[in-house]
Protein chains: 2
Amino acid sequence: MSETEPAITTETPSSEAGASDSLPRSSHPLDPIFHPRGVAVVGVSSRADPEGRMGGIFLNALVMQGYPKEYLYPVNPKMEEVLGIKCYPSVLECPDPVDHVISQIPAAGLAELVDQCIEKGVRSIHSFTAGLAETGEPELIEAEREIIEKVKAAGVRFIGPNCMGLYVPGVGLSFMPMLPEDPGNVFMLSQSGANANTILRSLGERGLRFSKGVSFGNGADVRAHELLDYALADPQSEYVVGYMEGVQDARRFFERLKQVAVAKPTIILKGGITSDGARAAHSHTGSLAGSIEIFDAMCRQAGAWRAESMDELLDLATMVTTSVRDVKGPNVALIGAGGGFAVLSSDQLALVGLTLPPLPEEVQAELREFVPVAGTSVRNPVDVTFGRDHPLDFVSEPDLTRRLFEVIANSHSTDVILTTVGGPWRPGSDTSRDEEDRHFRAAIEEFSRIQERTGVPIVMVQDERRVRRVTQFAHQKRIAIVPTVTRAGKGIADLLAWRKEREGLPSIL
Amino acid sequence: MSETEPAITTETPSSEAGASDSLPRSSHPLDPIFHPRGVAVVGVSSRADPEGRMGGIFLNALVMQGYPKEYLYPVNPKMEEVLGIKCYPSVLECPDPVDHVISQIPAAGLAELVDQCIEKGVRSIHSFTAGLAETGEPELIEAEREIIEKVKAAGVRFIGPNCMGLYVPGVGLSFMPMLPEDPGNVFMLSQSGANANTILRSLGERGLRFSKGVSFGNGADVRAHELLDYALADPQSEYVVGYMEGVQDARRFFERLKQVAVAKPTIILKGGITSDGARAAHSHTGSLAGSIEIFDAMCRQAGAWRAESMDELLDLATMVTTSVRDVKGPNVALIGAGGGFAVLSSDQLALVGLTLPPLPEEVQAELREFVPVAGTSVRNPVDVTFGRDHPLDFVSEPDLTRRLFEVIANSHSTDVILTTVGGPWRPGSDTSRDEEDRHFRAAIEEFSRIQERTGVPIVMVQDERRVRRVTQFAHQKRIAIVPTVTRAGKGIADLLAWRKEREGLPSIL
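Quantities reported herein were computed from a predicted structural model and do not represent experimental measurements. (Residues numbered from 1 in each chain as written. Chains lettered and ligands numbered in written order. Predicted model: local features only at pLDDT ≥ 70, side-chain atom pairs only at ≥ 80, totals over all residues.)

A. Quick look at the overall build of chain A. Secondary structure summary: chain A contains 16 helices and 18 strands in total. Relative to its length of 509 residues, chain A is compact, with a C-alpha radius of gyration of 25 Å against a globular reference of 23 Å. In terms of its C-alpha atoms, chain A occupies a principal-axis envelope of roughly 80 × 50 × 40 Å. Burial statistics for chain A: of 509 residues in total, 58% are counted as buried. (Helix = DSSP H or I, 4+ residues; strand = E, 2+ residues; numbered from the N terminus. Rg over C-alpha atoms; globule rule 2.2 N^0.38 Å. Buried ≥ 20, exposed ≤ 12 C-beta atoms within 10 Å, placed from the backbone.)

Written as structure tokens, this is what we have:
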């Protein structure tokens, strides 16, 4: 062991090298794999990627997402250095401690690498390496089985094979660049790397942040039930979202799902719910998709929500992590510009089971005190261009706009407000980004105040392209931003249905 | 009449002032309103819009979309000039001929303006002015009725009130800036200005182009049946898309719908299909939404497609105007990167009624000649990262990529290919726009060749943000680009269902 290596102090984990966070940790047996004191990436690429970068996706992601270079050990016997980091010929020659090893080598070399990892004393191996059991070939199924037998005997944990591995923003672990770098309170598990990436990226763009993310592929060792167990124990994780293809150990999975879902809102997207999808899942992670009816019943009994599509998962996760979690009922007030938009929105909201009750006469009368008649409606949907050719906003007419929202939020007929109000007017305008952000921030601050005062959640319907820079701010203020009225309505309706399904369980929704 | 005015030569319309196109025209009585020799905008705004522009939305749109300034007459007695164009105190004082008048004045002044227009001898009035029959107030209903009586007696056509009016890209008429400036073959009618704008803008971004677009609001004079009649007669219009809230003259509407839909693919989105939506429609354009069952039966009998949502209209319009119009059946081959993505996509495609048959053994064997085993699948969905960490594209590996698509297109099991292949790899990359476009163009050219050779349509699934600059090129090559697999699948399934519904009618689908 070299002189400069950090002390191994498992008792005081926050002082560990590589583990740069001082966030609360759990004593769960899986916890150490999320806080490696050194990471080796084996099989780093000497070929440039399409953008001319060497080293391959994992090394690049770790560097870009802030894992400390001094505890990062690329392994490739043919290279001296990559991305300015010294390269080692094998795991055995890396400085101690190497707690986590990422394998990018072909399947043929995996068994030998695993032997070296065991000899080195690593805690965990993540195998991006695919081409094992999921191929369905008997000899490759057997190869995977032998590897798992070996690691289990040695007490080393194995993530994968055929997966993207770990995302722990608190310590700079990441399998993709451009994911959120700051940690949060959502735990994510996924059998698919592509879907893990979609969930992290899409929810990240809406301002959500993650405690940990695990893409675990074939799940040969670390499986869903253990990850759920960890999510329950982890003080950082307040929500759980996941993507599953098959359940490998139904009894334990269901047991853990019940435990975590009763305490923390848990949303699971199940792939392979049709026979075509199940066939694809089998090719992908070797999963037997199983009966969706049984899976559904398991989720319902546990109080978890089974999402029917990726959009449903994303939208419901957005709703449950914002003020919509407290929505009292299905009565929507829709405030936006454009009568035809209001008509189609009303149809779509009604089709998902929400209602748009006309505002009570006295509320309409109160609105008519300051809303002109022509080209507007104050019944609900409320179409308020106020006789102009552009919609309201909180920068150009703050008092009027605030008054409008307050009157509607205070109406006993309103459980939740959906609105397109917030940005500057611009069909093809050259409004600057700063100007846009100023408008959105002003709206978010007002909405946050109004929803705190009235208890009525306000959901902003905005093009995700325009609002990317303010969604984290919105999320901190508990304001949901979703791209369409239809998706907002579906998310709210799902939340209400979920709450209803949980009757008899502790009321966390 | 001034010396510089253009000659009135209704017999040779292409030489008319303002009518800058030399496109074929019809002798339909409505045709002249689409080719005004001079346009007055009455009530141009002296207030700056949020971006500091004077003149209001209509004048700005006309100038920006290329209507010749020399035949454009802003009217506002308090202004001398606006946007560098001379302002006139009233319609009567504008140079002759003024064929089309856009009214932006308050409802109280509309009757007097109409009198002036009649005196001036205009052909058509477009009333953006709202606050008439749609308010439900008896005296305003009566005011609208009186205006219509007057214009009818004078032989002047009236568009609206409460609408955005005309979009005729061939002559530079437009009610919004940033709509496509070049003309095309889709006719659009809409009772809603907001929805008209959404249809034109969204389909425009996908590369579709329009012959004419009409937002006709309350439909006090010019109504849907007459516009359908025009669309049938118009040689430029090969497709019809529309948004309706209420049918004002059911017998004639149905008659015309049958005539046009039998000859030209016709898609109608009906607003107000729920009771909440119907109530909103009544507030919006004073429409009585009527029974959706009857409307549906009318469409089915006519061979038109009733869209259930805006997305459905947009996606089906994209499909029917590209190679998907020729799709032979529901068998999809999906080619993309990411196993989990393939699983969810398979589920979504199966849920809309498409199938993903496994590729025949011999086709899989042919693929395995050049596709490595690890991390790929050649069954269908075809997950081909070829052992790399980024998907295929036609720039970095043109031969391999072409071979892959050709083998799959040639399989008798493939009716249509959906693919995410096409762009450069870039999770958070700084790939330049030129580089992106080069990749997409290369893909579009290859796909176009393959679909021509094999008769198998290829649909590109791409984020609309990334491909905006190539969609028109793609559309010219008959390649559909849609943002998600789910929407692509729904569009294809709708097209197949539509074709089935048209059994017994001429097979234009």
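B. Quick peek at the relation of the copies chain B and chain A. After a rotation of 180° and a shift along the axis of 0.0 Å, chain B superposes on chain A with an RMSD of 0.0 Å. On this basis, the relationship between the two copies can be described by a two-fold rotation axis. Closest to the rotation axis within chain B is the C-alpha of arginine 465 of chain B, separated from it by 4.1 Å. By residue overlap, the copies meet face to face through one surface: 100% of the interface positions of chain B are interface positions in chain A. (Least-squares fit on C-alpha atoms with pLDDT ≥ 70 in both. Contact = placed C-beta atoms within 7 Å.)

C. Here's a closer look at helix α9 (residues 310-320) of chain B. Among the 11 residues in α9 of chain B, 10 count as buried, and that is most of the element. Looking only at α9 of chain B, the buried set comprises Met310, Asp311, Leu313, Leu314, Asp315, Leu316, Ala317, Thr318, Met319 and Val320 of chain B.

D. Here's a closer look at the sheet that holds strand β16 (residues 416-419) of chain B. Residue and element names in this part refer to chain B. Pairing is parallel in the open sheet, where 5 strands are placed in the order β15-β14-β16-β17-β18. Every interior strand has two partners, whereas the edge strands, β15 (382-383) and β18 (480-482), have only one. As defined by bridge partners, strand β14 (residues 332-336) adjoins β16 across 4 bridges and the pair is classed as parallel. Considered in β16, the bridge of leucine 334 is made with leucine 418. Contacts between helix α10 (residues 339-351) and the sheet are confined to β14 and β15, with β14 contributing the most and set at about 155° to the helix. (Pairing = 2+ DSSP bridges. Axes fitted to C-alpha atoms, helices over the stretch in contact; angles between N-to-C directions.)

E. Region of the structure containing the nonpolar core. Residues Ile417 and Val459 of chain A are the most contacted members of the largest nonpolar core, which totals 320 residues. Contacts of isoleucine 417 of chain A, omitting those with residues within four sequence positions, involve Ala333, Ile335, Phe405, Ile408, Ala409, Val456, Ile458 and Val459 of chain A. (Core = buried A, V, L, I, M, F, W, Y, C linked by C-beta atoms within 7 Å.)

F. Region of interest: the packing of α10 of chain B against helix α16 (residues 485-501) of chain B. Residue and element names in this part refer to chain B. Taken N-terminus to C-terminus, the directions of α10 and α16 make an angle of 25°; their axes are 9 Å apart at the nearest point. By the angle class used here, α10 and α16 are roughly parallel. Between α10 and α16 the crossing geometry is right-handed. Two secondary-structure elements touch here, α10 through Ser345, Gln348 and Leu349 and α16 through Val485, Thr486 and Gly489. Counted by class, the contact of α10 with α16 contains 2 nonpolar, 4 polar and no charged residues. (Parallel < 35°, antiparallel > 145°, perpendicular 65-115°, else oblique. Left-handed = near helix turned anticlockwise from the far one by under 90°. Nonpolar A, V, L, I, M, F, W, Y, C, P; charged D, E, K, R; others polar.)

G. Region of interest: unusual backbone geometry. Between asparagine 380 of chain A and the following residue, proline 381 of chain A, the backbone shows a cis peptide bond with an omega angle of 0°. Note the cis peptide between aspartate 96 of chain B and proline 97 of chain B, where omega equals -10°. Structurally, the position occupied by proline 97 of chain B is in the loop between β4 (85-86) and β5 (100-103). Not every positive phi belongs to a glycine, and asparagine 162 of chain B is a case in point at roughly 70°. Mapped onto the fold, asparagine 162 of chain B is located in the loop between β7 (157-159) and β8 (165-167). The exposure class assigned to asparagine 162 of chain B is buried, which follows from the 30 C-beta atoms found within 10 Å.

H. Representation of the sheet that holds strand β2 (residues 72-75) of chain A in the model. All names here are of chain A. An order of β2-β1-β5-β6-β7 is seen for the 5 strands of this open sheet, with the pairing classed as parallel. The open sheet is flanked by β2 and β7 (157-159), the only strands paired with a single partner. Between one strand axis and the next, the sheet turns through 15° on average, direction left out of account. As defined by bridge partners, strand β1 (residues 39-42) adjoins strand β5 (residues 100-103) across 4 bridges and the pair is classed as parallel. Across the sheet, residue valine 41 finds its bridge partner in β5, namely isoleucine 102.

I. Main features of the interface of chain B and chain A. Across the boundary between the two partners, chain B contributes 65 residues, which contact 65 residues of chain A. At 12 residues, α10 of chain B tops the list of elements feeding residues into the side of chain B that touches chain A. Considered class by class, the residues forming the side of chain B that touches chain A number 28 nonpolar, 29 polar and 8 charged.

J. Examining the pairing of strand β17 (residues 458-461) of chain B more closely. Residue and element names in this part refer to chain B. Burial along β17 is two-sided: Ile458 and Met460 facing one way and Val459 and Val461 facing the other are all buried. As paired elements, β16 and β17 share 3 bridges and run parallel to each other. By the bridge assignment, leucine 418 is partnered in β17 with valine 459. As paired strands, β17 and β18 are joined by 3 bridges and run parallel to one another. Its bridge partner being in β18, methionine 460 is matched across the sheet by isoleucine 481.

K. Highlighting the environment of asparagine 380 of chain A. All names here are of chain A. Counting through the fold element by element, asparagine 380 comes out in the loop between α11 (361-368) and β15 (382-383). Since 29 C-beta atoms lie within 10 Å of it, asparagine 380 is described here as buried. The spacing of asparagine 380 and serine 46 is 334 residues in sequence and 61 Å in space, taken between C-alpha atoms. With near-sequence residues (within four places) excluded, asparagine 380 lies in contact with Ala333, Leu334, Leu356, Pro357, Pro358 and Leu359.

L. Focus on the confidence of the model for chain A. Residue and element names in this part refer to chain A. Of the residues in chain A, 93% reach a pLDDT of 70 or more, and the chain-wide mean stands at 90. Note that pLDDT drops below 50 for residues 1-19; the model gives that stretch 32 contacts with residues more than four away or on any other chain. Two numbers describe this predicted complex: its pTM, 0.91, and its ipTM, 0.89. (pLDDT = per-residue confidence, 0-100.)

M. The arrangement of the pairing of strand β11 (residues 239-244) of chain A in detail. Residues and elements named next belong to chain A. With 6 of 6 residues buried, β11 lies mostly within the body of the structure. Burial of β11 is two-sided: the residues Tyr239, Val241 and Tyr243 facing one way and the residues Val240, Gly242 and Met244 facing the other way are all buried. Where strand β9 (residues 183-190) meets β11, 5 bridges bridge the pair, whose relative direction is parallel. Looking across to β11, one finds that methionine 188 is bridged to valine 241. Bridging between β11 and strand β12 (residues 266-270) involves 5 bridges; their strand directions are parallel. By the bridge assignment for β12, tyrosine 243 is matched with leucine 269. Tracing the backbone out of β11, into helix α6 (residues 250-263) and back to the parallel element β12 gives a crossover that is right-handed. (Right-handed = clockwise from strand over helix to strand, strands pointing away.)

N. Representation of the domain arrangement of chain A in the model. All names here are of chain A. Each domain of chain A was delimited in the assignment, giving domain 1 (13-159), domain 2 (165-322) and domain 3 (324-501). The C-alpha-based centres of domain 2 and domain 3 are spaced at 31 Å. Counting residues at the interface gives 14 residues for domain 2, matched by 21 residues for domain 3. At 7 residues, helix α9 (residues 310-320) tops the list of elements feeding residues into the side of domain 2 that touches domain 3. Broken down by class, the residue content of the side of domain 2 that touches domain 3 amounts to 5 nonpolar, 3 polar and 6 charged. (Domains from an automatic or database assignment.)

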